[in-house]
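# Fold and contact review
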Amino acid sequence: MPKKLLLLVNPYSGSGKSLAASEYLKRNVKDYEFNTLLSQYKGHFVDFLQKEDLTQYEKIIIFGGDGTMHEVTNGIAEKANTPPLLLFPCGGGKALNHDINNLTWQSSLQKFKENNIKQIDIFKVQFPNASTTEKMFYGFNIIGWGLVSNINLTAEKLRWLGSLRYSIATIIHIFKNTSFEGKVTLDEEVFTGKFSFVLACNTQHTGKAMKIAPLAALDDGLLDILVIKHVPFYHLLPLFPLIFSGKHIHSPLVIYKKAKKFSIEAEPMTLVIDGEVKGETPVLGEVLGSGVGMVV
C-alpha cells in the first residue's frame, strides 16, 4: 500500500512558485500517493486541517511562506497525533526556513529524505477584549506591537517591491518614530512607559533575513522578547543595520529577555503575528507545552 503525503500549496505565496515546487517534489519522490490541496481563500488550510483525518498521512508538505505556515499551525494546534511538517521555501521572508537552514527546493528534498524530525514550540495568543471569533490564535514565529506592527502594515502595501518592502517600511517608520504607551509584563517582570516596539520571538529570524532574536531556540519552551523604549529616531536608526547580524542585542537601547508568558496592556492597536496583521491589544501570549513535529 503506497504511503500518503498531504501537499498544501499556496499559489499566492511570496515567490509565486509554490505549484512548481510541489511538482518538483512529486517528480523526485517515489512510492507515495499525493493528496494536493490548493489554497482557495485566506484561512482555507485552517478550515481543511481542522476537519481532515490527518492520521492517514506520513507527512504534511507546505508550499508557501510564513503566512501559510501560520495557517497550518492554527489548523493543527488543537489536534492530537498530527504528522510532521516540512516547509518548502516559497514565501517572501522565509523566517522559519532561515532558522532551519532550508532555503532551496534541493535542501527541502534532502531534508525530506533524511527525515530528521524535531518538536518545535508553538505559542498561543489571546485577546481579552476581542469578539468571540477572534479571541485566540496560535503562532510559531513572532508577535509584534508598536513600530513593528506599523512596519508590517506598510510592507503589505509595498508588496510590489518584493523582499525589499520590509527594509523600506522599517526606514519609513523609524523616521516617523511614533511612541506607544503601555504596560509590558514578561513572566513577573514589568515595564511601563512609552515604547518604540515590543517583539516576542520564537524564531531567530523575521522579515527578510533579519536576525532579530539571535539567541532564540525553536524548542526551548521560551519566547525571546525585545523591549525597545521610545528614543529619538537618530538613536534608533543606527540600530537597524545591526538587526541583520543580531548585534543589535548588545545595544543599551535593547532589553532582551526570555520568558514563557508575556502581556501588553495598551490602547487598542493592531498586532502582527507570524507576519499576519491581526488581533488588537491588550494581548496575552504564552508558549505551549507541546509543539509540532517539523522536518529540519
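Scroll up to find the structure this text is about.
Residues numbered from 1 in each chain as written. Predicted model: local features only at pLDDT ≥ 70, side-chain atom pairs only at ≥ 80, totals over all residues. Heavy atoms only, no water.

So, about the overall build of the chain. The secondary structure content of the chain amounts to 8 helices and 17 strands. Each principal axis of the C-alpha atoms in the chain carries an extent, and together these give about 65 × 35 × 30 Å. Across the 296 residues in the chain, those meeting the buried criterion constitute 54%. Residue pairs in contact within the chain that sit at least 24 positions apart in sequence constitute 72% of those at least 6 positions apart. One finds the centroid of the 31 positive side-chain charges in the chain at a distance of 6 Å from the centroid of its 28 negative side-chain charges. (Helix = DSSP H or I, 4+ residues; strand = E, 2+ residues; numbered from the N terminus. Buried < 20%, exposed > 50% of the residue type's maximum accessible area, 1.4 Å probe, protein only. Contact = heavy atoms within 4.5 Å. Lys, Arg positive; Asp, Glu negative; His and termini not counted. Charge placed at Lys NZ, Arg CZ, Asp CG, Glu CD.)

For the rest of this paragraph, the subject is the pattern of salt bridges. Under the defined criterion, the tally for this structure stands at 8 salt bridges. Note that K118 and D219 form a salt bridge whose closest N and O atoms lie 3.8 Å from each other. Here K118, found in strand β5 (residues 117-120), pairs with D219, found in the loop between β10 (189-201) and β11 (223-229); they are 101 residues apart in sequence, far enough to count as distant. Judged by its relative accessible area of 30%, K118 falls in the partly exposed class. Of the charged contacts in the structure, one is a salt bridge between K258 and D224, with a shortest N-O distance of 2.8 Å. (Salt bridge = Lys/Arg side-chain N within 4 Å of Asp/Glu carboxyl O.)

Turning our attention to a nonpolar patch on the surface. Residues I171, F175, F233 and Y234 make up a contiguous nonpolar surface patch of roughly 390 Å² in combined accessible area. Elements that contribute at least two residues to the nonpolar patch include exactly α7 (164-176) and α8 (233-236). Assignment of secondary structure puts F233 in helix α8. (Patch = residues over 30% accessible without salt bridge, like charges linked within 9 Å, V, L, I, M, F, W, Y side chains within 5 Å. Areas by Shrake-Rupley, 256 points an atom, 1.4 Å probe, with all protein chains shown as cover.)

A separate point is the pairing of strand β8 (residues 142-146). Along β8, 5 of the 5 residues are buried, which leaves the element largely enclosed by surrounding structure. In the sheet, β8 pairs with β10 via 5 bridges, with the strands oriented antiparallel. Within the sheet, the bridge partner assigned to G146 lies in β10 and is F197. (Pairing = 2+ DSSP bridges.)

The subject of this paragraph is the packing of aromatic side chains. Overall, the coordinates contain 9 aromatic pairs when judged by the stated rule. With centroids separated by 5.6 Å and ring planes inclined at 45°, the aromatic side chains of Y24 and W105 adopt a geometry described as tilted. A residue pair is termed long-range when its members are at least 10 positions apart, and Y24 in helix α1 (residues 18-28) and W105 in helix α5 (residues 105-114) qualify at 81 residues. Taken together, the ring pairs connect W145, F180 and F195 into an aromatic cluster. If you follow K59 out to its NZ or CZ, it ends over the ring of F112, 4.8 Å from the centre. Looking at K278, its charged tip hangs above the ring of F137, at a distance of 4.1 Å from the centre. (Phe/Tyr/Trp six-rings, centres within 6.5 Å; stacked < 30°, edge-to-face > 60°. Lys NZ or Arg CZ within 6 Å of the ring centre and 35° of its normal.)

For the rest of this paragraph, the subject is the side chain of E52. Tracing the backbone through its elements, the reader meets E52 in the loop between α2 (44-51) and β3 (59-64). Of the side chains with opposite charge, K4 lies nearest to the buried E52, which makes no salt bridge, at 6.0 Å. Only 2.6 Å separates the side chain of E52 from the side chain of Y57, close enough to count as a polar contact. The contacts of E52, once residues within four sequence positions are left out, are N35, Y57 and K79. (Polar contact = N/O pair within 3.5 Å; in protein donor to acceptor, adjacent residues only side chain to side chain.)

Okay, the environment of L236 next. Of note, L236 is situated in helix α8. Sequence spacing of L236 and I174 is 62 residues, and the spatial spacing of their C-alpha atoms is 6.8 Å. Ignoring sequence-local partners within four residues, the contact set of L236 consists of L147, I174, N177, S196, I228 and V231.

Let us now look at unusual backbone geometry. Outside of glycine, negative phi angles account for most residues, and trans bonds account for most peptide bonds. Of note, the amide linkage connecting T281 to P282 takes the cis form, showing an omega dihedral of 5°. By the element assignment, P282 lies in the loop between β15 (276-280) and β16 (283-287). In the Ramachandran plot, N81 falls in the positive-phi region, its phi being about 55° despite a non-glycine side chain. Not every positive phi belongs to a glycine, and D187 is a case in point at roughly 50°. Within the secondary structure, D187 is located in the loop between β9 (180-186) and β10. In this structure D187 comes out as partly exposed when scored by relative accessible area, which is 36%.

A separate point is the packing of α2 against helix α3 (residues 66-76). Contact pair α2 / α3: the axes reach a minimum separation of 8 Å and the direction vectors enclose 30°. Taken as axis vectors, α2 and α3 run roughly parallel relative to one another. Both α2 and α3 take part in a crossing whose hand is right-handed. Counting all contacts with α2, which are made through H44, F45, V46, L49 and Q50, the residues of α3 involved are T68, E71, V72, N74, G75 and I76. In terms of residue class, the contact of α2 with α3 is built from 5 nonpolar, 5 polar and 1 charged. (Axes fitted to C-alpha atoms, helices over the stretch in contact; angles between N-to-C directions. Parallel < 35°, antiparallel > 145°, perpendicular 65-115°, else oblique. Left-handed = near helix turned anticlockwise from the far one by under 90°. Nonpolar A, V, L, I, M, F, W, Y, C, P; charged D, E, K, R; others polar.)

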